[in-house]
Amino acid sequence: MSFSVSRPTILMKSDAGKAQEPYEKCYVDYANEFMGKVIEEMAYRKAQFEHSQPLDNSHQRYYS
């Protein structure tokens, strides 16, 4: 199994003449055995970790 995250593209928005950088919410459901790789890849993309929630005995959901 492989896991990849595409390169981010920053789209700037102007609000009252001031540039605003958008952000996105990301939810990743994964098997526990891939937790390290998921966190590693998201950190590489500069994701800010919010929390992780167990879905069942063998799966997690990652929020950023």
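See the structure printed just above.
So, here is what we can say about the structure in this document. (Residues numbered from 1 in each chain as written. Predicted model: local features only at pLDDT ≥ 70, side-chain atom pairs only at ≥ 80, totals over all residues. Heavy atoms only, no water.)

For lysine 46, which is not a glycine, the phi torsion comes out positive at approximately 65 degrees. One can find lysine 46 in the loop between helix H1 (35-44) and strand E4 (51-54). Note on lysine 46: relative accessible area 72%, which makes it exposed. (Helix = DSSP H or I, 4+ residues; strand = E, 2+ residues; numbered from the N terminus. Buried < 20%, exposed > 50% of the residue type's maximum accessible area, 1.4 Å probe, protein only.)

Ranked by size, the top nonpolar core spans five residues in total: Val28, Tyr30, Val38, Met42 and Tyr62. Of all the secondary-structure elements, those providing two or more residues to this core are strand E3 (27-31) and H1. Apart from the residues lying within four places of it in its own chain, the contact partners of valine 28 are Phe3, Val38, Gln60, Arg61 and Tyr62. (Core = buried A, V, L, I, M, F, W, Y, C linked by side-chain atoms within 4.5 Å. Contact = heavy atoms within 4.5 Å.)

Our next topic: the pattern of salt bridges. Throughout the structure, instances matching the rule amount to two salt bridges. A salt bridge links lysine 37 to glutamate 40; the nearest nitrogen and oxygen atoms lie 3.6 Å apart. Of the two residues, lysine 37 and glutamate 40 both sit in helix H1, three residues apart, roughly one turn of that helix. Taking the relative accessible area as the measure of exposure, lysine 37 reaches 38% and is therefore partly exposed. Residue classification places glutamate 40 among the partly exposed positions, given a relative accessible area of 47%. Note that lysine 37 is salt-bridged to glutamate 41, the shortest N-O span being 3.3 Å. You can see lysine 37 and its partner glutamate 41 sitting in helix H1, four residues apart, about one turn around the helix. What you see here is one network of salt bridges that share partners, running through Lys37, Glu40 and Glu41. (Salt bridge = Lys/Arg side-chain N within 4 Å of Asp/Glu carboxyl O.)

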